Amino acid sequence: MGDVAYINGTFCELSQARVSVEDRGFQFADSVYEGITTYRREPFLLTEHLRRLRNSARAIHLPIPLSDERITELVREGVRRSGYDEVHIYMQLTRGAASRSHPFPAGAEPTVVMTFKAAIRVPADVRAQGVSVMSRPDNRWGSCNVKSVMLLPNVLAKQEALDRGAYDALFVGPDQVVYEASSSNVFLVRAGEVWTPQRSDKILPGITCDYIVESLPRLGILGGGRLVYLDDLLAADEVFLAGTTTETLGVVSIDGKMIGDGQVGPVTRRLYEELFASLTR
Ligand SMILES: Cc1ncc(COP(=O)(O)O)c(C=O)c1O
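Quick caveat: nothing in here was measured; it's all calculated off a predicted structure. (Residues numbered from 1 in each chain as written. Predicted model: local features only at pLDDT ≥ 70, side-chain atom pairs only at ≥ 80, totals over all residues. Heavy atoms only, no water.)

**As for the layout of surface pockets**
Here's step 1: As a volume, the largest pocket reaches approximately 1200 Å³.
Here's step 2: Tyr33, Lys147, Ser182, Ser183 and Thr245 are, among the 44 residues lining the largest pocket, the residues nearest its centre.
Here's step 3: The set of elements that each furnish at least two residues to the lining of the largest pocket consists of β3 (31-39), α2 (46-59), β5 (87-94), β6 (111-118), α5 (152-163), β9 (178-181), α6 (207-219) and β13 (238-243).
Here's step 4: A class-by-class count of the residues in the lining of the largest pocket yields 20 nonpolar, 16 polar and eight charged.
Here's step 5: Lining the lining of the largest pocket are residues from two domains, each supplying at least three of them: domain 1 (4-118) and domain 2 (124-280). (1 Å grid on protein atoms, 1.4 Å probe; cavity = no way out; pocket = protein on both sides within 12 Å on 5 of 7 lines; lining within 4 Å. Points joined across faces, edges and corners; volume = space filled by probe spheres on them. Helix = DSSP H or I, 4+ residues; strand = E, 2+ residues; numbered from the N terminus. Nonpolar A, V, L, I, M, F, W, Y, C, P; charged D, E, K, R; others polar. Domains from an automatic or database assignment.)

Written as structure tokens, this is what we have:
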């Protein structure tokens with residue numbers, strides 16, 4: 001019971017988990033990952049997360065040594081072993097440990113790591129009040145559609161936002177095209193319609209983003225993906241962030257400019273209620 005890790009075939013307490021200093025995930029960010037949450041202890045959208053993991057691994061030519069069925073069994077076992085009510089599952093796959101040299105190492109076994117910790121949701125008061133974000137130039141690599149652990153620009157952007165009193169940073173291209181936040185996708189609401197920046201290699205194909213977009217017809221809401229400029233966000237009725245940990249989180253100001261009436265809007269609240277809060281009731 002407690003934080004649990006799985007490393008290459010073995011479960012242990014997270015505090016006991018170790019990987020080599022020569023692991024290529026550590027030395028080269030030669031690695032992809034997934035973050036998954038549970039609702040009622042059931043891994044949410046696991047099939048979709050595993051599909052994206054395979055897409056990311058394929059993009060960096062990394063073979064996954066386990067079948068989806070086996071990974072699913074391990075995920076369920078980790079959730080059970082942790083004993084937590086709701087679990088955050090982190091899954092990382094690296095090209096393995098090998099003497100440090102740039103080419104893919106011959107014969108190295110991929111490192112498979114999973115961790116199982118108590119899921120931490122956004123506090124209710126933060127969700128009710130909404131958050132402020134700042135925009136910043138995108139200085140990430142050109143394949144942000146791959147869920148790789150090359151997250152240094154994301155880490156620096158998040159810290160810069162926090163240091164400036166904002167909750168998160170939005171990556172914006174030189175042409176003022178909006179991509180995403182440091183660890184979530186972004187949506188705008190305008191005249192009742194719900195739009196998110198269209199997919200590109202500057203945007204992670206968010207599982208939560210897809211879940212929201214695919215739910216819109218059922219909720220009688222128009223929307224989907226399209227080109228979004230920073231000015232579109234500033235002129236929107238509502239803006240919100242979306243991700244596995246974030247769920248939906250209203251944005252009430254960007255770069256100090258108020259969005260809508262400066263409160264979390266009705267569409268953002270409705271989407272949270274219908275698509276996330278209802279999963280735990
Ligand atoms: C850069 C980035 N964008 C978007 C997301 C949201 O993706 P998901 O909904 O699959 O959690 C994440 C999640 O970690 C992310 O890191």
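**A short note on unusual backbone geometry**
Residues apart from glycine generally show negative phi values, whereas peptide bonds are mostly found in trans.
Here's step 1: Notably, Arg41 is not glycine yet its phi reads approximately 65°, a positive angle.
Here's step 2: According to the relative accessible area criterion, Arg41 is partly exposed, its value standing at 30%.
Here's step 3: The backbone of Glu247 sits at a positive phi, close to 55°, despite the residue not being glycine.
Here's step 4: Looking at the secondary structure, you find Glu247 in strand β14 (residues 247-254).
Here's step 5: Residue class for Glu247 comes out buried when judged on its relative accessible area of 2%. (Buried < 20%, exposed > 50% of the residue type's maximum accessible area, 1.4 Å probe, protein only.)

**Description of the sheet that holds strand β4 (residues 42-43)**
Adjacent strands of a sheet pair through backbone hydrogen bonds, lying either parallel or antiparallel.
Here's step 1: The six strands are arranged β2-β1-β6-β5-β3-β4 in an open sheet whose pairing can be described as antiparallel. Two strands close off the open sheet at either side, each with one partner strand: β2 (10-13) and β4.
Here's step 2: Bridge count between β5 and β6: eight bridges; the pairing is antiparallel. Within β6, the position partnered with His88 by the bridge is Lys117.
Here's step 3: Across the sheet, α2 touches β3, β4 and β5, and the angle it forms with β3 is around 175°. (Pairing = 2+ DSSP bridges. Contact = heavy atoms within 4.5 Å. Axes fitted to C-alpha atoms, helices over the stretch in contact; angles between N-to-C directions.)

**Considerations on the site of the ligand**
Here's step 1: Looking at the ligand, there are 17 residues lining it, with Arg52, Lys147, Glu180, Thr208 and Thr244 nearest.
Here's step 2: One nitrogen or oxygen atom from the side chain of Glu180 is found 2.6 Å from a nitrogen atom belonging to the ligand.
Here's step 3: Take Thr244: an N or O atom from its side chain is 2.6 Å from an oxygen atom of the ligand.
Here's step 4: The cavity where the ligand resides is the largest pocket.
Here's step 5: Mapped onto the shell around the ligand, the elements with two or more residues apiece are α2, β9 and α6.
Here's step 6: Two domains each provide a minimum of three residues to the shell around the ligand, namely domain 1 (4-118) and domain 2 (124-280). (Near = heavy atom within 4 Å. Polar contact = N/O pair within 3.5 Å; in protein donor to acceptor, adjacent residues only side chain to side chain. Sits in = over half its atoms within 2 Å of the grid points.)

**A short note on the side chain of Arg127**
Here's step 1: Considering the arrangement of structural elements, one finds Arg127 in helix α4 (residues 124-129).
Here's step 2: Ignoring sequence-local partners within four residues, the contact set of Arg127 consists of Val122, Thr246, Glu247, Thr248, Leu249, Val264 and Tyr272.

**Digging into empty space enclosed by the protein**
Here's step 1: The full count for this structure, using the stated rule, is three cavities of 30 Å³ or more.
Here's step 2: The space that makes up the largest cavity amounts to roughly 60 Å³.
Here's step 3: Contributing to the lining of the largest cavity are Thr37, Tyr39, Phe44, Leu45, His49, Ile207, Thr208, Gly243, Thr244 and Phe276.
Here's step 4: Taken together, the elements giving at least two residues each to the lining of the largest cavity come down to β3 and α6.
Here's step 5: Among the residues making up the lining of the largest cavity, the classes are represented as five nonpolar, five polar and no charged.
Here's step 6: Counting only domains with at least three residues in the lining of the largest cavity, you end up with domain 1 (4-118) and domain 2 (124-280).
Here's step 7: By volume, the second largest cavity is sized at about 50 Å³.
Here's step 8: As for the second largest cavity, its lining consists of Leu53, Ile64, Leu66, Ile71, Met91, Gln92, Leu93, Val112 and Met114.
Here's step 9: Elements represented by at least two residues in the lining of the second largest cavity include exactly β5 and β6.
Here's step 10: If you tally residues by element for the lining of the second largest cavity, the top one is β5, at three residues.

**Quick notes on the packing of α2 against helix α3 (residues 68-82)**
Here's step 1: Running from N to C, α2 and α3 cross one another at 125°; their axes reach a closest spacing of 11 Å. One element, α2, and the other, α3, form an angle in the oblique class. For α2 against α3, the interelement crossing comes out right-handed. Touching Leu46, Leu50 and Arg54 of α2 are Asp68, Ile71, Thr72 and Val75, all from α3. (Parallel < 35°, antiparallel > 145°, perpendicular 65-115°, else oblique. Left-handed = near helix turned anticlockwise from the far one by under 90°.)

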